[in-house]
Amino acid sequence: MHINSLTVKELPDNRTTAPHVLPIYATSSFAFDDIDQGIDIFRNIESGHVYSRYANPTVDTTAAKIAGLETHGLGLQAHAVMTSSGMSAISTLLLGVLKAGDKVLTQGNLYGGTTELLTAVFGQFGVETVMTDLRDLNKVEDALRDEKIRLLYCETPANPTLACVDIRALADTAHRHGALCAIDNTFSSPLIQQPFAHGVDFIIHSTTKYLNGHGNSTAGVIVGADKDLMRKYVWRAMKLAGTNCSPFEAWLTYNGMKTLALRMKSHCANAQALAEFLEKHPAVGRVNYPGLTSHPDHELAKRQMRGGFGGMLSFELKGGLEAGIRCMNRIKFCTLAPTLGDVDTLILHPASSSHLNVPKEVREQNGITDGMIRVSVGIEDISDIASDLEQAME
Ligand SMILES: *Cc1c(COP(=O)(O)O)cnc(C)c1O
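Residues numbered from 1 in each chain as written. Predicted model: local features only at pLDDT ≥ 70, side-chain atom pairs only at ≥ 80, totals over all residues. Heavy atoms only, no water.

On to the nonpolar core, then. Generally speaking, nonpolar side chains in soluble globular proteins are found buried as a group. With 97 residues, the main nonpolar core has Leu151, Leu152, Phe202, Val223, Leu274, Leu313 and Phe315 as its most contacted residues. By residue number, the principal contributor to this core is helix H11 (residues 260–280), which donates 7 residues. Those residues in contact with valine 223 that lie beyond four places of it in its chain are Ile66, Ala67, Glu70, Ala78, His79, Ala80, Phe196, Asp201, Phe202, Ile203 and Met230. (Core = buried A, V, L, I, M, F, W, Y, C linked by side-chain atoms within 4.5 Å. Buried < 20%, exposed > 50% of the residue type's maximum accessible area, 1.4 Å probe, protein only. Helix = DSSP H or I, 4+ residues; strand = E, 2+ residues; numbered from the N terminus. Contact = heavy atoms within 4.5 Å.)

Here it is in structure tokens:
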């Protein structure tokens, strides 16, 4: 072989023993032994990787871990695909499930990006979004009489008021009317809430948040309750829309997940303690945390969450917008950042950031007041988190 060719030539993989941890398969395609193997893989007779947009070993192993967490103890065989972000998990699912003329039934207090995706983007393709209070099952039943509703899409607990909806009741009602049911389980992670136990068809996550947990990757996942659902609605859409996850992002997620149980335990304990601390504070008007008996959905949350109530909470300052901004500007230990689910405590003022473009009336209809502050409670020592908030509210 010419020396110039030697520089180009892919050498045999000289791996001898198996790697202890999952490697990053940074390869766009996979080589076949011979043409017959290639044909069999393309025809799905033999399993094998072809092209990383379709599937990649690092990404598949990470997806399988998430499917395993979402079905642990349930006796189900769920399947998952990872995508490039939480938003791409949602858009891929919608692309796979919906066609022009279909409608989606959902709640008004979804993650902001999801609302905009449904109305502004899918609206362009003749998909209509119907919003109702999913806590009112009579309204849900009424809305589902419209047989154009193909999908019931929900989020619980919802951002930033932590309002909860009854997953079991919604999934059953959707199914009775021939619709599918999907849930965004980002806020809880499968350690705290397993929606397949309550009958949903699809779960999506922004793995960017708790599953990764360290704020160093952006990715998403769609988990289907069985292989047929994934085959029918998701795999083709993912492959053709090209919303696949990069092996590097999957690898970061995979590593992050190893401490998920430890982290969630700590997030839950810290959030519960901070919620109780804030509830007693004279500057605080109201605290939204499903683990508080004062939360309107506490009993429901107890039924469908376990091991704690997650790491997200919000609270209202009596002094309104001015007090909210003042408190945010005085934060020292915690970080002002719009993401959530990281190991460190992140604070956001919805009225001046995530919900700045939402009209005040709409905001208030959904319980998002001017003085509301959202906290993604981290796993630091609780004394540092609580004393930072205390000095900021002084
Ligand atoms: C962040 C988030 C998303 C979007 O995920 P990205 O990874 O940012 O695309 C969707 N749903 C919820 C509940 C989220 O918090």
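What follows is about the site of the ligand. The local shell around the ligand consists of Ser85, Gly86, Met87, Tyr111, Glu155, Asp184, Thr186, Ser206, Thr208, Lys209, Ala219 and Leu340. Here an oxygen atom of the ligand sits 2.8 Å away from a polar atom, N or O, in the main chain of methionine 87. Measuring from an oxygen atom of the ligand, one finds a side-chain N or O atom of serine 206 at 2.8 Å. Within the complex, 92% of the 380 Å² of free accessible area of the ligand lies under protein. Looking at the shell around the ligand residue by residue, the class counts come to 4 nonpolar, 5 polar and 3 charged. (Near = heavy atom within 4 Å. Polar contact = N/O pair within 3.5 Å; in protein donor to acceptor, adjacent residues only side chain to side chain. Areas by Shrake-Rupley, 256 points an atom, 1.4 Å probe, with all protein chains shown as cover. Nonpolar A, V, L, I, M, F, W, Y, C, P; charged D, E, K, R; others polar.)

This paragraph deals with a nonpolar patch on the surface. There is a patch of nonpolar side chains on the surface, built from Phe32, Phe42, Tyr51 and Tyr54 and spanning about 380 Å² of accessible area. Checked against the element boundaries, tyrosine 54 lands in the loop between helix H2 (35–42) and helix H3 (57–71). (Patch = residues over 30% accessible without salt bridge, like charges linked within 9 Å, V, L, I, M, F, W, Y side chains within 5 Å. Salt bridge = Lys/Arg side-chain N within 4 Å of Asp/Glu carboxyl O.)

Turning to the packing of H3 against helix H10 (residues 247–257), a few remarks are in order. Put simply, H3 and H10 touch, their axes get as near as 8 Å, and they point 40° apart. For H3 against H10, the interelement crossing comes out left-handed. Across the interface between the two elements, Thr58, Val59, Thr61, Thr62, Lys65, Ile66 and Leu69 from H3 touch Pro247, Ala250, Trp251, Thr253, Tyr254 and Met257 from H10. Classifying every residue of the contact of H3 with H10 gives 8 nonpolar, 4 polar and 1 charged. (Axes fitted to C-alpha atoms, helices over the stretch in contact; angles between N-to-C directions. Left-handed = near helix turned anticlockwise from the far one by under 90°.)

On to the domain arrangement of the protein. Assigned domains of the protein: these are domain 1 (35–258) and domain 2 (261–392). Each of domain 1 and domain 2 has a C-alpha centre, and these two points are 26 Å apart. Contact with domain 1, which involves 33 residues of that partner, is made by 36 residues of domain 2. Surface buried jointly by domain 1 and domain 2 totals about 2,700 Å² across both partners, of which 56% is contributed by carbon and sulfur atoms. (Domains from an automatic or database assignment. Buried area = accessible area lost by both parts, 1.4 Å probe.)

It is worth spelling out the sheet that holds strand S1 (residues 79–83) at this point. If you trace the 7 strands from one edge of the open sheet to the other, you get S1-S7-S6-S5-S4-S2-S3, paired in mixed fashion. Either end of the sheet is taken by a strand with one partner, and the two such strands are S1 and strand S3 (128–131). Taking each pair of neighbouring strands and ignoring which way they run, the sheet shows an average axis angle of 20°. Here strand S2 (residues 103–106) runs beside S3; their pairing, made up of 4 bridges, is parallel. Of the residues in S3, the one forming a bridge with lysine 103 is glutamate 128. Packing against the sheet, helix H5 (residues 112–121) makes contact with S2, S3 and strand S4 (149–155), and its axis sits at approximately 135° to S3. (Pairing = 2+ DSSP bridges.)

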